[in-house]
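Understanding the architecture of this molecule
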Amino acid sequence: MSPWIQLRNLTPATPGAPNLFCLPHAGSGAAGFYRWRRALGGLNVCPVQLPGRDARMTEPAATNASALVEMMHAALVEHLQVPYVIFGHSMGALLAALWAQKIQQQGLPAPLAVVLSGRGAPGTVPVFPQLSEMSDEELAGALDARFGGNSGTMLIADPELRAHYMPLLRADLALVDSADAAKFTERLQVPVVVVRAASDPAVPEDKAEAWREFTARTFRVETLPGNHFSHFAESEGAMLELLQRVATTAASS
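Comments concerning the sheet that holds strand β2 (residues 44–47)
- Taken in spatial order, the 6 strands of this open sheet run β2-β1-β3-β4-β5-β6, and their pairing is parallel. The open sheet has two edge strands with one neighbour each: β2 and β6 (219–224). Averaged over all pairs of adjacent strands, the angle between strand axes in this sheet comes to 20°, irrespective of strand direction.
- Packed on one face of the sheet, helix α3 (residues 91–105) meets β1 (19–23), β3 (84–89) and β4 (113–117) and runs near 145° to β3.
- Packing against the sheet, helix α8 (residues 236–252) makes contact with β1, β3, β4, β5 (192–197) and β6, and its axis sits at approximately 160° to β6.

Details of the confidence of the model for the protein
- Summary statistics for the protein give a mean pLDDT of 90 and a share of 95% for residues scoring 70 or more.
- Between the elements of the protein, mean pLDDT differs from a low of 86, seen in helix α5 (residues 151–157), to a high of 98, seen in β4.

Some words on the environment of Leu50
- Relative to the helices and strands, Leu50 resides in the loop between β2 and α2 (65–76).
- Not counting residues within four places of it along the chain, the set of residues in contact with Leu50 comprises Trp4, Leu23, Pro24, Arg56, Leu68, Met72, Met91 and Leu95.

Regarding the state of the cysteines
- Counted by the stated rule, this structure contains 0 disulfides.
- Cysteine Cys22 is unpaired, with the sulfur of Cys46 as its nearest cysteine sulfur at 7.7 Å.
- Relative accessible area serves as the criterion here: at 0%, Cys22 is assigned to the buried category.
- The exposure class of Cys46 is buried, given its relative accessible area of 0%.

Side note on unusual backbone geometry
- The residue Asp54 is not glycine, and still its phi comes out positive at about 55°.
- Secondary-structure assignment places Asp54 in the loop between β2 and α2.
- A positive phi angle is found at Ser90, which is not glycine, with a value near 60°.
- By the element assignment, Ser90 lies in the loop between β3 and α3.

Observations concerning empty space enclosed by the protein
- By the definition in use, this model includes 2 cavities of 30 Å³ or more.
- Considering each element in turn, the lining of the largest cavity owes the most residues, 3 residues, to β5.
- Residues that form the lining of the largest cavity fall into these classes: 4 nonpolar, 8 polar and 2 charged.
- Approximately 30 Å³ is the volume found for the second largest cavity.
- As for the second largest cavity, its lining consists of Ala97, Gln101, Phe184, Glu186, Leu188 and Phe214.
- Partitioning the lining of the second largest cavity into residue classes produces 4 nonpolar, 1 polar and 1 charged.

A short note on the layout of surface pockets
- In this structure, the second largest pocket encloses a volume near 160 Å³.
- Contributing to the lining of the second largest pocket are Ala113, Pro191, Val192, Val193, Arg217, Thr218, Phe219, Arg220, Val246, Thr249, Ala250 and Ser253.
- Considering each element in turn, the lining of the second largest pocket owes the most residues, 3 residues, to α8.
- In terms of residue class, the lining of the second largest pocket is built from 7 nonpolar, 3 polar and 2 charged.

Considering the pattern of salt bridges
- Inspection of the entire model under this criterion finds 10 salt bridges.
- Between Arg212 and Glu209 there is a salt bridge, and its shortest N-O distance comes to 3.0 Å.
- Exposure remark for Arg212: the relative accessible area of 37% places this residue in the partly exposed category.
- By sharing partners, the salt bridges in this structure join Asp136, Glu137, Arg162 and Arg170 into a single network.

What counts, and at which threshold
- Residues numbered from 1 in each chain as written.
- Predicted model: local features only at pLDDT ≥ 70, side-chain atom pairs only at ≥ 80, totals over all residues.
- Heavy atoms only, no water.
- Pairing = 2+ DSSP bridges.
- Helix = DSSP H or I, 4+ residues; strand = E, 2+ residues; numbered from the N terminus.
- Axes fitted to C-alpha atoms, helices over the stretch in contact; angles between N-to-C directions.
- Contact = heavy atoms within 4.5 Å.
- pLDDT = per-residue confidence, 0-100.
- Disulfide = S-S within 2.5 Å.
- Buried < 20%, exposed > 50% of the residue type's maximum accessible area, 1.4 Å probe, protein only.
- 1 Å grid on protein atoms, 1.4 Å probe; cavity = no way out; pocket = protein on both sides within 12 Å on 5 of 7 lines; lining within 4 Å.
- Points joined across faces, edges and corners; volume = space filled by probe spheres on them.
- Nonpolar A, V, L, I, M, F, W, Y, C, P; charged D, E, K, R; others polar.
- Salt bridge = Lys/Arg side-chain N within 4 Å of Asp/Glu carboxyl O.

In structure tokens form, the structure reads like this:
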């Protein structure tokens, strides 16, 4: 079994359907996407398992996006012969875009589409420039301010969760800050769909629209109800419907 993906996820749930590679948000992992495999019959959901979480919890989490994408690509390149879509949420959106660029640079079969959720286009200014100097409490407050809600405050209130997830979250946020615009050296030659939540303070409309400069093909922004994490909550059904529609449209074009 590959540490990067459970091989059973590459066994088509629906014969002939495209694979959907899913990349998680900071502090999260592949497990959040498992129920999508049951709910989404028209795509074969393939959650990517990153170091430092899930079955790879004992491994150190990566802090450099380019290095992580290189390792991930080397492990998954053999699975790109079947039609596929790449989906990433928040941190995962940056990894998805970088991976699509890597695939393009090597002249490999391109994804049918790239779906980037919960993340505005990257810039040169780090999201958390004083990350290493922040206390856990300061970081929790910064997370709540950026993403809305009180998930950061709830995290540090639980000693067990704090001990495990705060180091992972810090590593992931450092990784996000490493994936700035300088890492994107060419426009993608694949359709790009950006998904934002209407009540997500981290992805205003202009930041979502700014992804347009990263593709030379079709581009659109879809706005769903909810907050930064609504793809696993009130907007999950709409997200799955959107992913199915994107794959079907791209495959028939």
